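Listed below are the residues making up each chain.
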Amino acid sequence: MSNFNIALLPGDGIGPEVVAEGVKVLDAVGARFGHEFTYTEDTVGGAGIDAYGVALRDETLEMCQEQDAVFFGAVGGPKWDDPGAPVRPEQAILGLRKGLGLFANIRPVKMYDFLVDSTALKPDVVRGVDMIVLRELTGGIYFGQPQRQWEENGERHVVDTLAYAEHEIERIVRVGFELAQARRKKLTSVDKANVMASSRLWRAVVLEVAPDYPDVEVEHLLVDACTMHLISRPGDFDVIVAENLFGDILSDEASMLAGSMGMLPSASLGARSRDGTGLGMYEPIHGTAPDIQGQGIANPIAQILSGAMMLRLSLGLEAEAAAIEAAVDAVLAAGHRPADLAGPDDRPKGTAAMGDLIVAALA
Ligand code: IPM
Ligand code: MG
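All of these numbers come straight from a predicted model, not from anything done at the bench. (Residues numbered from 1 in each chain as written. Chains lettered and ligands numbered in written order. Predicted model: local features only at pLDDT ≥ 70, side-chain atom pairs only at ≥ 80, totals over all residues. Heavy atoms only, no water.)

What follows concerns the nonpolar core. Core analysis: the largest hydrophobic core is formed by 82 residues, its most contacted members being F37, F71, M131, L134, F177, L311 and I324. Contacts of I324, omitting those with residues within four sequence positions, involve V25, L26, V29, I304, A308, L311 and L362. Residues V44, A55, C64 and V75 belong to the second largest nonpolar core, which totals 20 residues. (Core = buried A, V, L, I, M, F, W, Y, C linked by side-chain atoms within 4.5 Å. Buried < 20%, exposed > 50% of the residue type's maximum accessible area, 1.4 Å probe, protein only. Contact = heavy atoms within 4.5 Å.)

Under the criterion given, the structure shown has 18 salt bridges. The salt bridge partner of E59 is R57, with a shortest N-O separation of 3.5 Å. Taking the shortest distance from any N to any O, the salt bridge between D212 and R174 comes out at 3.0 Å. Pair noted here: D212 is in the loop between α7 (197-209) and β9 (217-222) and R174 is in helix α6 (residues 166-181), with a separation of 38 residues, a long-range link. Salt bridges here are not isolated pairs; linked through shared partners, they connect K186, E219, R233 and D236. (Salt bridge = Lys/Arg side-chain N within 4 Å of Asp/Glu carboxyl O. Helix = DSSP H or I, 4+ residues; strand = E, 2+ residues; numbered from the N terminus.)

The next thing to look at is the site of ligand 1. Surrounding ligand 1, one finds E90, R97, R107, R135, Y142 and D248. At a separation of 2.7 Å, an oxygen atom of ligand 1 approaches a polar side-chain atom of R97. For ligand 1, the accessible surface in isolation is 320 Å², of which the surrounding protein chains cover 71%. One can see that ligand 1 is located within the largest pocket. For the shell around ligand 1, a count of residues per class yields one nonpolar, no polar and five charged. (Near = heavy atom within 4 Å. Polar contact = N/O pair within 3.5 Å; in protein donor to acceptor, adjacent residues only side chain to side chain. Areas by Shrake-Rupley, 256 points an atom, 1.4 Å probe, with all protein chains shown as cover. 1 Å grid on protein atoms, 1.4 Å probe; cavity = no way out; pocket = protein on both sides within 12 Å on 5 of 7 lines; lining within 4 Å. Sits in = over half its atoms within 2 Å of the grid points. Nonpolar A, V, L, I, M, F, W, Y, C, P; charged D, E, K, R; others polar.)

This paragraph deals with the packing of helix α3 (residues 58-65) against helix α4 (residues 90-99). Geometry of a packed helix pair, given as the angle between the helix axes and the separation of the axes. Viewed as axis vectors pointing N to C, α3 and α4 meet at an angle of 45°, and their least axial separation amounts to 11 Å. Here α3 lies oblique to α4, going by the angle between them. Relative to α4, the crossing made by α3 is right-handed. Of α4, the residues touching α3 (which contributes L61, C64 and Q65) are G95, L96 and G99. Broken down by class, the residue content of the contact of α3 with α4 amounts to three nonpolar, three polar and no charged. (Axes fitted to C-alpha atoms, helices over the stretch in contact; angles between N-to-C directions. Parallel < 35°, antiparallel > 145°, perpendicular 65-115°, else oblique. Left-handed = near helix turned anticlockwise from the far one by under 90°.)

Its location among the elements puts S199 in helix α7. Owing to a relative accessible area of 4%, S199 belongs among the buried residues under this scheme. Setting aside residues up to four positions removed in sequence, S199 forms contacts with D191, K192, A193 and F246.

So, about α6. Because each turn of an α-helix spans 3.6 residues, side chains separated by three or four positions end up pointing in the same direction. Between its first and last C-alpha atoms α6 spans 22 Å; for 16 residues at 1.5 Å apiece the expected length is 22 Å, and the two agree. Within the sequence span of α6, burial applies to E168, I169, I172, V173, V175, G176, F177, L179 and A180. Buried residues along α6 sit in contact with β4 (104-110), β5 (130-136), β8 (186-191), α7, β9 and β10 (239-242). (Expected span 1.5 Å × (residues − 1).)

Let us now look at empty space enclosed by the protein. All told, the structure shown has one cavity of 30 Å³ or more when counted by the stated rule. Taken as a whole, the largest cavity encloses approximately 40 Å³ of empty space. The wall of the largest cavity is formed by L162, Y164, V190, D191, S198, S199, W202, E243 and F246. Of all the elements in the fold, those that place two or more residues in the lining of the largest cavity are β8 and α7. (Points joined across faces, edges and corners; volume = space filled by probe spheres on them.)

Contact pair helix α1 (residues 15-33) / helix α12 (residues 351-362): the axes reach a minimum separation of 9 Å and the direction vectors enclose 15°. The angle between the axes of α1 and α12 places the two elements in the roughly parallel class. In this structure, the crossing between α1 and α12 has a hand that is right-handed. Counted together, E17, V18, E21, K24, V25, A28, V29 and R32 of α1 and T351, A352, G355, D356, I358, V359 and L362 of α12 form the full contact between these two elements. Grouping the amino acids of the contact of α1 with α12 by side-chain chemistry returns eight nonpolar, two polar and five charged.

Attention shifts here to the layout of surface pockets. Approximately 650 Å³ is the volume found for the largest pocket. If you trace the largest pocket, you find 25 residues lining it, with E90, I93, R97, R135 and D248 closest to the centre. At the level of secondary structure, the elements contributing two or more residues to the lining of the largest pocket comprise β3 (69-74), α4, β6 (144-152), α9 (244-255) and β12 (280-284). With four residues, α4 is the single largest residue contributor to the lining of the largest pocket. Class assignment of the residues belonging to the lining of the largest pocket gives a composition of twelve nonpolar, six polar and seven charged. In terms of lining residues, the second largest pocket is bounded by 19 residues, among which P108, K110, M309, R312 and E325 are the most central. Where the lining of the second largest pocket is concerned, the elements lending two or more residues are β4, β5, α10 (301-313) and α11 (318-333). Within the lining of the second largest pocket, the residues separate by chemical class into 13 nonpolar, no polar and six charged.

So, to be careful, I would describe these as geometric facts and stop short of saying anything about function.
What follows is the structure, given as structure tokens:
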């Protein structure tokens, strides 16, 4: 019997609804395999602003630092939408990433066969898509200083800074090579080396590190070309590694190749210990979906699959993670569909019903 400590940060909108199903499934897999999960819940995002005046409190960050993993829902909503406001829900995500040192953001994009007709692309183009977008998460233009606006000669000026130290590039690139080694052994490094100094260092580091992974084929793509290739030949990609802002944009584009945002989990990882595990934050890539909040119809699968990634990558529980993934596959194969995936002939299942079906499939 092993015990693991997990921070629960449900956040806003449908976050609490899907996190509840994620916890249901984690507890079921724990019961089956003999593990106990102890949850410490806290309030972040818009709910944090309402309760405490800030999206992320220092004590919340400290609490998360002491856990084995952070299970996160989603933050944001129309109530807190003003981008000029001094406190914004997104500060919770950015603060957790930086504060917990989670530099590697893994976003798997996998096309389920039954969804091939539900993307904007031709079924033949998206069939079999199975890639990871690996995004650098604690550097680049998101965090570079200076970032400010000022007045000069009667007009407004502004600056953002895209800064990287060599070690920040090397550690994310190595994660990319390692992920590729465990998959189809192809790494696409994305940059804008024809224009940007940061990208030239990025490309140089990739070239220097590549000999350590001779079994991995490396492809360099300029980011603008990459956006085109993602649409024209998505099946060719295995692992894509990119700096923070490029990865943000490319991962949203890639998510559209999978047919539904409601299926896609993500992991944000920091430094790993010798056994390969370490603190991480796990969240669905979809947002708070305020339009369907409180209706019990949100698809919990992305959150539940994020739980599987948490078991695998932070807790070292591979068999347990695979059991969740198999249970999700089995429920979908049996024809059950949440509202966002339901066809005209399907009777869609609600959030809790999907969770219950996945729990039942685990048994
Ligand atoms: C994401 C989101 C965030 C980001 C926002 C909410 C700050 O778009 O996780 O991709 O830009 O990183
Ligand atoms: Mg984004």
